[in-house]
Amino acid sequence: MQATSAQDEAKRAAAAKAIETFLRDGMTIGLGSGTTSRWFVRILGERVGSGLRVTGVPSSRSTGDLAKEVGVPLADLNDVNQLDLTIDGADEIDAKGRMIKGGGASLLWEKIVAYASRKMVAIVDESKVVEHLGRFPLAVEVIPFAWRSTERNLRNLFKDAGLSDVQIDLRGGLEKPLITDSGHYLLDCHLREIPDPDNLAAELSQIPGVVEHGLFIGIATDSVVGHANGHTEVVSFR
Ligand code: 5RP
């Protein structure tokens, strides 16, 4: 399969470099979700076809479907103690490896899979590398029950954190809200800039009704940044 745009080429390059740099025969690996991760899974399928032995744990139903299609053997995370490595995309990543994820609606399973891994490598095109997190809307996964009440609590938290006039969108809209793989809603919070992501991440987790949020702090161990000309940079955070 060919890359169809400069950004797509950058995503493909990052995925290929991550496989070359971090993946070893015999590993059990978390398979990320989103368009960059789809490149990763497709290339992985080619390597498996050439004899690489790996077991994949998908972070969404759609990634699981693709992995099966391209011949990557799969396991259930319940049956695996620890993963050697997870390779996944990101919507934003800063110089400390802090990320916003969830643009593809899979943040809950992605965080569980990444957290179960010894190493987590973020594969991103250069547009995802930011000085400050927050321009990309922060997805918060919430229980559908009383979600308006959870939304109000989010608003109060943002106000207390000095974030004013935050627009919050129910992903998919009121008529037909998007339902995540675990049966929840997503609230996309337009924060513009997050002054203290570590603190906000901790506070978000305290709100009843919040299942998980898209701030991934202290999870990425490395990243591979792809450029449209096919060049890549490997960055280590620990
Ligand atoms: C899905 C994610 C994705 O990794 C993130 O949205 C990046 O996606 P893409 O590779 O398509 O730009 O977090 O929940």
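Reading the values: rules and limits
Throughout, a residue's number is its position along its own chain's written sequence, starting from 1. Given that this is a predicted model, residues contribute local features only at a pLDDT of at least 70 and side-chain atom pairs are listed and counted only at 80 or more, while totals for whole chains, interfaces and linings are drawn from all residues. The side-chain numbers reported here are obtained from all heavy atoms of the structure, hydrogens and water having been left aside. The domain boundaries here were taken from an automatic or database domain assignment. Two residues form a contact once any of their heavy atoms are found within 4.5 Å. Buried area is calculated as the accessible area (1.4 Å probe) missing from two parts once they are joined, with the contributions of both summed. Definition used for salt bridges: Asp or Glu carboxyl oxygen within 4 Å of a side-chain nitrogen of Lys or Arg. Polar contact is defined as a pair of N or O atoms within 3.5 Å, subject to the rule that within protein one atom must be able to donate a hydrogen and the other to accept it, and that residues adjacent in sequence are counted only when both atoms are side-chain atoms. Definition of nearness: a residue and a molecule or strand are near each other if at least one heavy atom of the residue lies within 4 Å of the molecule or strand. Note on areas: Shrake-Rupley with a 1.4 Å probe; residue coverage comes only from the protein chains shown. Strands are runs of DSSP state E lasting at least 2 residues, helices are runs of H or I lasting at least 4, and numbering of each runs from the N terminus. Side-chain classes follow a simple rule in which Ala, Val, Leu, Ile, Met, Phe, Trp, Tyr, Cys and Pro form the nonpolar group, Asp, Glu, Lys and Arg form the charged group, and the remainder, Gly included, forms the polar group. Note on geometry: axes are C-alpha line fits, over the in-contact stretch for helices, and angles between N-to-C directions span 0 to 180 degrees. Comment on the angle field: the value is read as roughly parallel under 35 degrees, roughly antiparallel over 145, roughly perpendicular from 65 to 115, and oblique elsewhere. The sense of a crossing depends on the near helix, which, turned anticlockwise from the far helix by less than a right angle, makes the crossing left-handed and, turned clockwise, makes it right-handed. We call two strands paired when DSSP finds no fewer than two bridges between them.

## Here's the deal with the domain arrangement of the protein chain
Okay, so step 1: Partitioning the protein chain into structural domains gives domain 1 (6-129 + 218-229) and domain 2 (138-207).
Okay, so step 2: With 11 residues of domain 1 in contact, the opposing surface of domain 2 contributes 13 residues.
Okay, so step 3: Roughly 900 Å² of surface becomes buried between domain 1 and domain 2 when both sides are summed, with 53% attributable to carbon and sulfur atoms.
Okay, so step 4: When the buried surface of domain 1 facing domain 2 is broken down by residue, Arg 98, Ala 105 and Leu 107 rank first, second and third, together holding 43% of it.
Okay, so step 5: Summed over the shared surface of domain 1 and domain 2, the result is two salt bridges.
Okay, so step 6: Between Arg 61 and Asp 181 there is a salt bridge, with its nearest N and O atoms 3.9 Å apart.
Okay, so step 7: Remark: the boundary between domain 1 and domain 2 carries five residue pairs in polar contact (both at pLDDT 80 or more).

## Overview of the site of the ligand
Okay, so step 1: Among the 18 residues in the neighbourhood of the ligand, the closest are listed as Thr 35, Thr 36, Asp 91, Gly 102 and Lys 128.
Okay, so step 2: Interatomic distance of 3.0 Å between a backbone N/O atom of Ser 33 and an oxygen atom of the ligand.
Okay, so step 3: Here an oxygen atom of the ligand sits 3.0 Å away from a polar atom, N or O, in the side chain of Glu 110.
Okay, so step 4: Compared with its free state, where it exposes 380 Å², the ligand has 92% of that area covered by protein.
Okay, so step 5: Elements with a minimum of two residues in the shell around the ligand: helix H2 (35-49) and helix H4 (107-115).
Okay, so step 6: When the residues that make up the shell around the ligand are grouped by side-chain class, the tally is three nonpolar, nine polar and six charged.

## A short note on the packing of helix H5 (residues 147-160) against helix H6 (residues 197-204)
Okay, so step 1: Running from amino to carboxyl end, H5 crosses H6 at an angle of 150°, the nearest separation of the two axes being 11 Å. Considered as vectors, H5 and H6 are oriented roughly antiparallel to each other. Between H5 and H6 lies a crossing of right-handed hand. Contact residues: Leu 154, Leu 157 and Phe 158 in H5; Leu 200, Glu 203 and Leu 204 in H6.
Okay, so step 2: Broken down by class, the residue content of the contact of H5 with H6 amounts to five nonpolar, no polar and one charged.

## A closer look at the sheet that holds strand S4 (residues 92-93)
Okay, so step 1: Taken in spatial order, the three strands make up an open sheet running S4-S5-S11, and their pairing is antiparallel. Both outer strands of the open sheet, S4 and strand S11 (215-216), are each paired with one neighbouring strand and no more.
Okay, so step 2: Pairing of strand S5 (residues 99-100) with S11 involves two bridges; the strand directions are antiparallel. Pairing of Ile 100 across the sheet is with Leu 215, part of S11.

## Comments concerning the sheet that holds strand S7 (residues 138-142)
Okay, so step 1: The four strands lie next to each other as S8-S9-S7-S10, forming an open sheet whose pairing is antiparallel. The sheet terminates laterally at strand S8 (167-170) and strand S10 (210-213), the two strands that pair on one side only. For this sheet, the mean inter-axis angle between neighbouring strands, taken without regard to orientation, is 25°.
Okay, so step 2: Where S7 and strand S9 (residues 185-190) come together, five bridges link them in antiparallel fashion.

## A few points about the packing of H2 against helix H3 (residues 61-70)
Okay, so step 1: For the pair H2 and H3, interaxial distance at closest approach is 9 Å and the crossing angle is 25°. With respect to H3, the element H2 is oriented roughly parallel. Our pair here, H2 against H3, has a crossing hand that is right-handed. Taking contact as the criterion, the partners of Arg 38, Val 41, Arg 42 and Gly 45 in H2 are, on H3, Ser 62, Thr 63, Leu 66, Ala 67 and Val 70.
Okay, so step 2: Residues that form the contact of H2 with H3 fall into these classes: four nonpolar, three polar and two charged.

## Some points on the side chain of Lys 101
Okay, so step 1: Mapped onto the secondary structure, Lys 101 falls in the loop between S5 and H4.
Okay, so step 2: Polar side-chain contacts of Lys 101 include one of 3.1 Å to the side chain of Glu 110.
Okay, so step 3: Once residues lying within four places of it in the same chain are set aside, the contact partners of Lys 101 are Asp 88, Gly 89, Ala 90, Asp 91, Leu 107, Glu 110, Gly 214 and Phe 216.

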